[in-house]
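# Notes for the structure review
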Amino acid sequence: MGAAAMGAGTMKVYLSVDMEGVTGLTDPEEMHAGKRGYDRGCELMTADANAAVEGAFAAGAGTVLVNDAHGSTKNLRIDLLDPRATLIRGPGKAQRMAQGVDGSFQAAGFVGYHARAGVPHGVLNHTWMGKEIQNVYLNGEVCGETRLVAACAGFHGVPVVLVTGDEAVGEEARELLGDVETVAVKKGIDKFSAELLPPSVAQGRIREGMVRALNRLTDFTPYRLAPPYTLGVEWNSTAIAAAVALVPGVKTAGARHIEFTTDDFTQIMALLGIFATIGGQVACGSGPYG
């Protein structure tokens, strides 16, 4: 049903906010605490999130829940967040990038998202981990974070209505989700370079994109995969693959490739979080050959 049909104030909107696709950002240092430009990066990330929040309330939302879905998950500035929204912040979240989404929401939006690993014009392209993961697969098909989180939202019956980031993630989202609203805030040149829109312009487009999406809510259906769900991860290191294969239920599918199958998609998200912890530890402790 459309926002008007639902009645003012009854619509719940969920936002998963990543950082690589945020307005103005191209440098990995801008996304890591203590590095050059990080504080400004957090402000820009919060401004993009606020633009989507503003659009949601303008379209009749009564509740907007924002999940900090990047890295440390301590990037969004609560003191700068639109006061009508609430924020999930901090690590240890079982659903990671999809923490907080459930069947009570009518719509989900992805803000600051990026293209999957290996997309040449995808700014800061990667999937889940920047260096350790070569590719992620879902039911045998190559998969980016957009597909993973959309599938988790769909598992709960929630459609994705808006994806913002660079042009490449918009292409990925439309290929996956059909006529989803997308907002490109930058056009990739290479992995670390892009043609950028100024923040005021980009954030205006994000706000308008969310309004458009929620005003045609009946056009969207949840992205549902038929169970069982098989997660495949191709690592860049045999050592990481061997380490994560020790997790019960995880099977070796190649020297650097593991698989896990379940009927509960929430386990996929939780396991990716565990994999990232293990993979990061192995990579950091294995020296130049890890």
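Residues numbered from 1 in each chain as written. Predicted model: local features only at pLDDT ≥ 70, side-chain atom pairs only at ≥ 80, totals over all residues. Heavy atoms only, no water.

### A short note on the pattern of salt bridges
The test is simple: What makes a salt bridge here is a side-chain nitrogen of Lys or Arg within 4 Å of a carboxyl oxygen of Asp or Glu, nothing more. The helix and strand labels rest on DSSP assignments: H or I over at least four residues marks a helix, E over at least two residues marks a strand, and numbering proceeds from the N terminus. Under the scheme applied here, a residue whose accessible area is under 20% of the maximum for its type counts as buried, over 50% as exposed, and between as partly exposed, the area being computed with a 1.4 Å probe on protein chains only.
Tallied over the full model, the rule gives twelve salt bridges. Between R216 and E181 there is a salt bridge, with its nearest N and O atoms 3.2 Å apart. Linking R216 in the loop between α5 (199-215) and β10 (229-235) with E181 in strand β8 (residues 181-190), this pair joins segments that are 35 residues apart in sequence. Accessibility expressed as a relative area gives 11% for E181, which makes it buried. Put simply, R216 and D219 hold a salt bridge, and the shortest N to O gap is 3.1 Å.

### A word on the sheet that holds strand β3 (residues 86-88)
How we decide: Pairs of strands are assigned from DSSP output, requiring at least two bridges between the strands. Lines fitted to the C-alpha atoms define the axes, with helices restricted to the stretch that makes contact. Angles between their N-to-C directions range from 0 to 180 degrees. The contact criterion used throughout is that any non-hydrogen atoms of two residues lie within 4.5 Å.
Judged by pairing direction, the sheet is mixed, and its seven strands sit side by side in the order β3-β2-β1-β4-β7-β8-β9 without closing on themselves. With one partner strand each, in any of the chains shown, β3 and β9 (193-196) form the two edges of the open sheet. Neighbour to neighbour, the strand axes of the sheet diverge by 25 degrees on average, direction disregarded. Sheet analysis places strand β1 (residues 11-17) next to strand β2 (residues 61-68), joined by seven bridges and oriented parallel. Counterpart to M11 in the pairing with β2 is A61. Lying over the sheet, helix α3 (residues 145-155) contacts β1, β4 (107-113) and β7 (160-166), oriented at roughly 160 degrees with respect to β4.

### Overview of the pairing of β2
Inclusion rule: Crossovers are marked right-handed if the path from the first strand over the helix to the second runs clockwise, as seen with the strands pointing away from the viewer.
Extensive coverage of β2 is indicated by the burial of six of its eight residues. One crossover worth recording links β1 to the parallel β2 by way of helix α2 (residues 38-58), and it is right-handed. As paired elements, β2 and β3 share three bridges and run parallel to each other. Each bridged residue has a counterpart across the sheet, and for N67 the counterpart in β3 is I88.

### Remarks on the side chain of E132
What counts here: Here Asp and Glu are counted as negative and Lys and Arg as positive; His is not counted, and neither are the chain ends.
The residue E132 is located in the loop between β4 and β5 (133-138) in this model. For the buried E132, no salt bridge exists, and the shortest N-O distance to an oppositely charged side chain is 7.3 Å, to K131. Setting aside anything within four residues of it in sequence, one finds E132 in contact with W235, N236, I240, G279 and A283.

### Quick look at the packing of aromatic side chains
One pair of aromatic rings is described through two measures. These are the centre distance and the angle between the planes. Note the following rule: We call Phe, Tyr and Trp rings a pair once their centres come within 6.5 Å, taking the six-membered ring for Trp, and we label the pair stacked below 30 degrees between planes, edge-to-face above 60, and tilted otherwise.
Summed over all chains, the structure comprises five aromatic pairs. Seen in terms of ring centroids, F155 and Y229 are 6.1 Å apart; in terms of plane orientation they differ by 80 degrees. Their pairing is edge-to-face. Remark: Y229 occurs in strand β10 and F155 occurs in helix α3; sequence separation between them is 74 residues. Aromatic rings pair up to connect F155, Y229 and F265 into one cluster.

### Section: the pairing of β10
Counted residue by residue, β10 has seven buried out of seven residues, so it is predominantly covered. By the alternation rule, side chains of β10 split into Y229, L231, V233 and W235 and T230, G232 and E234, which are all buried. Summarising the sheet, β5 and β10 pair through five bridges and their orientation is antiparallel. Along β10, the bridge assignment pairs V136 with V233.

### Overview of the environment of R256
On the secondary structure map, R256 appears in the loop between β11 (251-254) and β12 (257-262). With a relative accessible area of 38%, R256 lands in the partly exposed category. Measuring from C-alpha to C-alpha, the distance between R256 and A239 comes to 8.0 Å, with 17 residues separating the pair along the chain. Other than its neighbours up to four places away in sequence, R256 contacts V233, E234, W235, N236, S237, T238 and A241.

### Here we look at the packing of α3 against helix α4 (residues 167-177)
Note the cut-off: To sort the angles, those under 35 degrees are grouped as roughly parallel, those over 145 as roughly antiparallel, those from 65 to 115 as roughly perpendicular, and the leftovers as oblique. Each crossing is labelled by how the near helix is turned from the far one, with a counterclockwise turn of less than a right angle marking it left-handed and a clockwise turn marking it right-handed. Amino acid classes used here: Ala, Val, Leu, Ile, Met, Phe, Trp, Tyr, Cys and Pro are nonpolar; Asp, Glu, Lys and Arg are charged; the rest, including Gly, are polar.
Packing of α3 against α4 brings their axes to within 10 Å, and their N-to-C directions diverge by 40 degrees. Judged by the angle between their axes, α3 and α4 are oblique. Note that α3 runs across α4; the crossing there is right-handed. For the pair α3 and α4, the contacting residues are T146, R147 and A150 in the first and V169, E172, A173, L176 and L177 in the second. Of the residues belonging to the contact of α3 with α4, the class tally is five nonpolar, one polar and two charged.

Function cannot be read off these values alone, since they describe shape.
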